[in-house]
Structures are given as C-alpha cells and as structure tokens.
Amino acid sequence: MSAIQPDPVETGADAPHLDFAGTTPYEDYVHADVLTHLQQLRSDDPGEMVFLVTTQVMELWFTVIVHEWETAAAALREDRVPDARDALKRSLRELVALNDSWRPLAHLTPAQFNSYRGALGEGSGFQSAMYRRMEFLLGDKSASMLVPHRGVPRVHAELEKALSEPSLYDEVLALLARRGHPVPQSVLGRDLRQKYEPSEGVEAVWARIYADPERYDELVRLGELLTDVGELVWRWRNDHLVATRRAMGSKTGTGGSAGVAWLEKRAGKNVFPELWTARSHV
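Residues numbered from 1 in each chain as written. Predicted model: local features only at pLDDT ≥ 70, side-chain atom pairs only at ≥ 80, totals over all residues. Heavy atoms only, no water.

Undergrad: Is there a simple way to think about the overall build of the protein in this case?
TA: Assigned secondary structure in the protein consists of 13 helices and 0 strands. Counted from the first residue to the last, the protein has its helices and strands arranged as α-α-α-α-α-α-α-α-α-α-α-α-α. Dimensions of the protein, computed from C-alpha atoms along their principal axes, come out at roughly 85 × 55 × 35 Å. Across the 282 residues in the protein, those meeting the buried criterion constitute 40%. Long-range contacts, defined as pairs at least 24 residues apart, comprise 71% of the intrachain contacts of the protein with a sequence gap of at least 6. About 15,800 Å² of surface is accessible on the protein, with carbon and sulfur atoms providing 56% of the total. (Helix = DSSP H or I, 4+ residues; strand = E, 2+ residues; numbered from the N terminus. Buried < 20%, exposed > 50% of the residue type's maximum accessible area, 1.4 Å probe, protein only. Contact = heavy atoms within 4.5 Å. Areas by Shrake-Rupley, 256 points an atom, 1.4 Å probe, with all protein chains shown as cover.)

Here it is as structure tokens:
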C-alpha cells in the first residue's frame, strides 16, 4: 500500500504549517472545540439548535459589552475621556451585532416556538447573569435580581459586586461634577445599590452643556455616544419584544413573568434619561 501523497497545494514555502504536536494554536486561543460542543438539545425539533446557539451568541456579546462599559467606567473615573469614548464606540458596533442576533429568531411562529418551548422549563432570559451586569452598568439596579443566582456562588458574588459599584452613568456624572458642573449631591451620594432615578438637576446640567457645544465639545461628544448606546439598548429591548410577541403572543413567559407585558414595560424605559429630556430645554 502506497503512502498517502500530500496535496501539492499544502506544500511549499508559502503553505501553512499543518503539523502540530497537540491541539492547534487556534484551538488553544479560541477554544472552538469547547464552544461547538456546548449545545445540549432537549427536544427532537431541528429548530431548537438555532434558538440555543443564538442565545449562546447573545451571551458572548453581553460579555464583550460588559467588558467595554467597565473599561469606559474605569477610564472616566481616571479622567481619561478619550479612552472612555473609544470603549463606548466599540460597544456601539457590538450592540449592533447583538441586535442583529435577533434575526434568526425574529420570525418564529407560535407553532415553531412551541415545538421546543417546553424544553426550556423555567429557563428565561431575565435569568442571564451577564445581561444583569449590563443592566446594572446602565443604572438599572435591583438586589432582588440576585436571588435566582444564589445557587452559584461565583456568579452571585460577581453580581453582588456589580450591584455595589458605580454604574457607567454614575461615573459620567461624577466626571461632570469634577469639571465644575452642579450635579446635585443627592445624586452623587445616592445609594449605588438602588436603581438610578431621573433628576431635574442632572437634566439642567446636560441642557447647559448642550447649549454651549463649543465650550463643552468633549462632554457633548461623550453625551452623544451615551445617547447612541441608549438608542441601541432601546432597539434591543424592542426587538426582543417584537420577537416574543410573534412567537408567543400574550402568554406567560417561560420564567413566570408576564411575557410581552413585562417586555413592554422594559421597552418603555430610557437609558441615561436626562440625556433625552434635556434636549427639550436647549
């Protein structure tokens, strides 16, 4: 029996290195074998695979976006505004990709979703720890949202830490105060474990900044990036609402929530609220 002859395309000075003693350097870095074997289907329906993979892809995007917003928050804390803007700009592209992740699921009919919905049991997206960290960074704090994670100490500890730390918006407002803007002390000294509530004083600060763009150019550009983030988060919530409405109508959500009614309430909330309302006073 003759030895297998190598493909001529795979030899020569310009050919890639193909012979490795163990796993490939690509596998060592990306861990693709781990990622592509994480799908444990619970039904016989062929549509479950795209639902599961899409959900896992969303979790990865949550992780990247949390990293960017934490990077931006740290930069703002150290008055490195250009570095914060860079991180926010990257997060905008990542939010677009996250929102596009809805496309494979956006047109599910009730029958298609019902074919594997039972496999989810009480599983629901609001139980996502990384998405919760995103929400905390946006200022939507809630200690009760840690309860589902009590059984996983590491995850619970990470969420507990995120709950107690300043949000991205808290760091922005602290920066404005250091720049001499009259951010109310009630806002600066608020309980960080509580949800951020809109402030007329903060609204007035943003109106003052936007009314003088030449003087406050750097802060206006920061404000516009935050507004872009807020808009894309709003689109994410609305795309989630529409996909859910198409797939299950007004039925109760898999995690016991009110389903569409819960999502409608979420979709109606603005991120960084004074950046939106201040525009009426400029």
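Undergrad: Can you walk me through unusual backbone geometry in this structure?
TA: Excluding glycine, residues mostly have negative phi values, and the peptide bonds linking residues are mostly trans. With phi around 55°, histidine 31 is a residue other than glycine that occupies positive phi space. Although it is not a glycine, aspartate 79 sits at a positive phi angle of roughly 60°. On the secondary structure map, aspartate 79 appears in the loop between α3 (48–77) and α4 (81–100). A residue is classified by how much of its surface remains accessible, and aspartate 79, at 38% relative accessible area, is partly exposed.

Undergrad: What is the right way to read a nonpolar patch on the surface from this model?
TA: A grouping of Val34, Leu35, Leu38 and Leu60 is seen on the molecular surface, where their side chains present a nonpolar patch of about 340 Å² in accessible area. Secondary-structure assignment places valine 34 in helix α2 (residues 32–35). (Patch = residues over 30% accessible without salt bridge, like charges linked within 9 Å, V, L, I, M, F, W, Y side chains within 5 Å. Salt bridge = Lys/Arg side-chain N within 4 Å of Asp/Glu carboxyl O.)

Undergrad: It is not clear to me how the packing of helix α10 (residues 200–211) against helix α11 (residues 217–248) should be interpreted in this structure. Could you clarify?
TA: The geometry of a pair of packed helices is captured by two quantities: the angle between their axes and the separation between those axes. α11 packs onto α10 with a crossing angle of 120° between their chain directions and a minimal axis gap of 9 Å. The angle between the axes of α10 and α11 places the two elements in the oblique class. α10 and α11 meet at a crossing whose hand is left-handed. For the pair α10 and α11, contact is made by Trp206, Ile209 and Tyr210 and by Leu219, Val220, Gly223, Glu224 and Thr227, respectively. Counted by class, the contact of α10 with α11 contains 5 nonpolar, 2 polar and 1 charged residues. (Axes fitted to C-alpha atoms, helices over the stretch in contact; angles between N-to-C directions. Parallel < 35°, antiparallel > 145°, perpendicular 65-115°, else oblique. Left-handed = near helix turned anticlockwise from the far one by under 90°. Nonpolar A, V, L, I, M, F, W, Y, C, P; charged D, E, K, R; others polar.)

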